[in-house]
Amino acid sequence: MSVLYNRVALIGLGLIAGSMSLAIRRAGLAGEVVGYARSAETRSTAREIGLCDRIEESAAAAVKGADLVVLCVPVGVMGDVAAEIAPALKPGATVSDVGSVKRAVIDAVAPHLPENVHFVPAHPLAGTEHSGPRAGYAELFDNRWCLIVPQEGADRAAVGRLEALWRGIGAQTDEMDADHHDLVLAVTSHTPHLIAYTMVGVADDLRRVTDSEVIKYSAAGFRDFTRIAASDPTMWRDVFLNNREATLEILGRFTEELFALQRAIRTGDGDHLHAYFTRTRAIRRGIIEAGQDTDAPDFGRTRTRSG
Ligand code: NAP
């Protein structure tokens, strides 16, 4: 594949930036990938494992001369980082981000950017519960979606080149409006995470009563919740604080449906439960048919399990 950007700068060196760097270098899409993270420890780890071609000691130094700058920090600090790098940006450069929330990030970042750079927000729908510079791997984005959220009047060449980068590192791309993105993600990702956090919290309270039986006999349903609930606390705090409206709307609907199911259990309404579970099973089939998950039992885990 040919080089799309002579120099790419990644600000923040965790799971997403690490995976991007490895995938960009795997595909030969950049002349050079430069990185920066806030802590000396992360920068030193990134150097040690050769995560980028070069690690700089400041965000401004990292973005100097870069043709593409991608903000890969938690959603709540995107604005601060944008303010920090703005004076050092190369005229004509593209600035993007990978934040899980789009409207709040656009509102926080756009006012800091000079007029002579292109801002093209994006969000790769790929991740794991691991974080930090050692968590990244080149295949993370393979066959996953990356949503591109261009602003009104965006430079089409800049948008097209960023889309080509995401496709070059394995993803499929779609364009979406910021508010719609935030609502879709509240349904598909944000609210499910909150529910997983809650369920694991409830079980943790119970664990104190039953002396670790919850962990010992943890069956697939609960274990899958614990995987999601192990996700990075800073990232997820920022997601909820910055996608407040859409998450609260979906949580409201969730609560209503939960009450309806609770009522069906209390009144012995088996038809309601059966019809509901039949509908949800079809959604799972749709996800598998769209190639977004494996059809293997228990997500393809090979170990035998209890429960
Ligand atoms: P991560 O592994 O926790 O890494 C975050 C990185 O940001 C760390 O290198 C951290 O530096 C750095 N950082 C934090 N505050 C900073 C600041 N003020 N200035 C410079 N660097 C700073 O996080 P991640 O999972 O890669 O997530 C990064 C972004 O991607 C978030 O906006 C998240 O919403 C989005 N996202 C995540 C996922 C996912 O599943 N994880 C999926 C899609 C999108 P230190 O190590 O020095 O603290």
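Colleague: Can you lay out the site of the ligand for me, pointing to particular residues and giving the numbers?
Modeller: Taken together, the neighbourhood of the ligand is formed by 29 residues, with Arg 38, Ser 39, Thr 42, Val 73 and Ser 100 sitting nearest. One of the side-chain nitrogen or oxygen atoms of Arg 38 is found 2.6 Å away from an oxygen atom of the ligand. A distance of 2.6 Å separates an oxygen atom of the ligand from a polar side-chain atom of Ser 39. When isolated, the ligand has an accessible area of 910 Å², and the protein chains bury 88% of it. If you list the elements that add at least two residues to the shell around the ligand, you get helix H1 (15–27), helix H4 (78–85) and strand E7 (122–124). In terms of residue class, the shell around the ligand is built from 16 nonpolar, 11 polar and two charged.

Colleague: Give me the sheet that holds strand E9 (residues 172–175): which residues, what numbers.
Modeller: The strand order across the open sheet formed by three strands is E7-E8-E9, and the pairing between neighbours is mixed. Because the sheet does not close on itself, it has two edges, and the strands there are E7 and E9. Along the sheet, successive strands turn relative to each other by an average axial angle of 20°, direction set aside. The sheet contact formed by strand E8 (residues 145–148) and E9 spans four bridges and is parallel. Residue pairing for E9: Ile 148 is matched across the bridge by Glu 175. Sheet strands in contact with helix H6 (residues 156–168) are E7, E8 and E9, and its direction is about 150° off that of E9.

Colleague: For the pattern of salt bridges, give the residues involved together with the corresponding values.
Modeller: Taken as a whole and judged by the stated rule, the model has 16 salt bridges. Here Glu 32 ties to Arg 7 by a salt bridge, and the two come within 3.0 Å at their closest N and O atoms. Separated by 25 residues along the polypeptide, Glu 32 in strand E2 (residues 30–36) and Arg 7 in strand E1 (residues 5–11) bring together distant segments of the chain. We note a salt bridge from Arg 54 to Glu 56, for which the minimum N-O separation is 2.5 Å. Salt bridges here are not isolated pairs; linked through shared partners, they connect Arg 7, Glu 32, Arg 54 and Glu 56.

Conventions we followed
- Residues numbered from 1 in each chain as written.
- Predicted model: local features only at pLDDT ≥ 70, side-chain atom pairs only at ≥ 80, totals over all residues.
- Heavy atoms only, no water.
- Near = heavy atom within 4 Å.
- Polar contact = N/O pair within 3.5 Å; in protein donor to acceptor, adjacent residues only side chain to side chain.
- Areas by Shrake-Rupley, 256 points an atom, 1.4 Å probe, with all protein chains shown as cover.
- Helix = DSSP H or I, 4+ residues; strand = E, 2+ residues; numbered from the N terminus.
- Nonpolar A, V, L, I, M, F, W, Y, C, P; charged D, E, K, R; others polar.
- Pairing = 2+ DSSP bridges.
- Axes fitted to C-alpha atoms, helices over the stretch in contact; angles between N-to-C directions.
- Contact = heavy atoms within 4.5 Å.
- Salt bridge = Lys/Arg side-chain N within 4 Å of Asp/Glu carboxyl O.

Coordinates in, geometry out; function isn't part of it.
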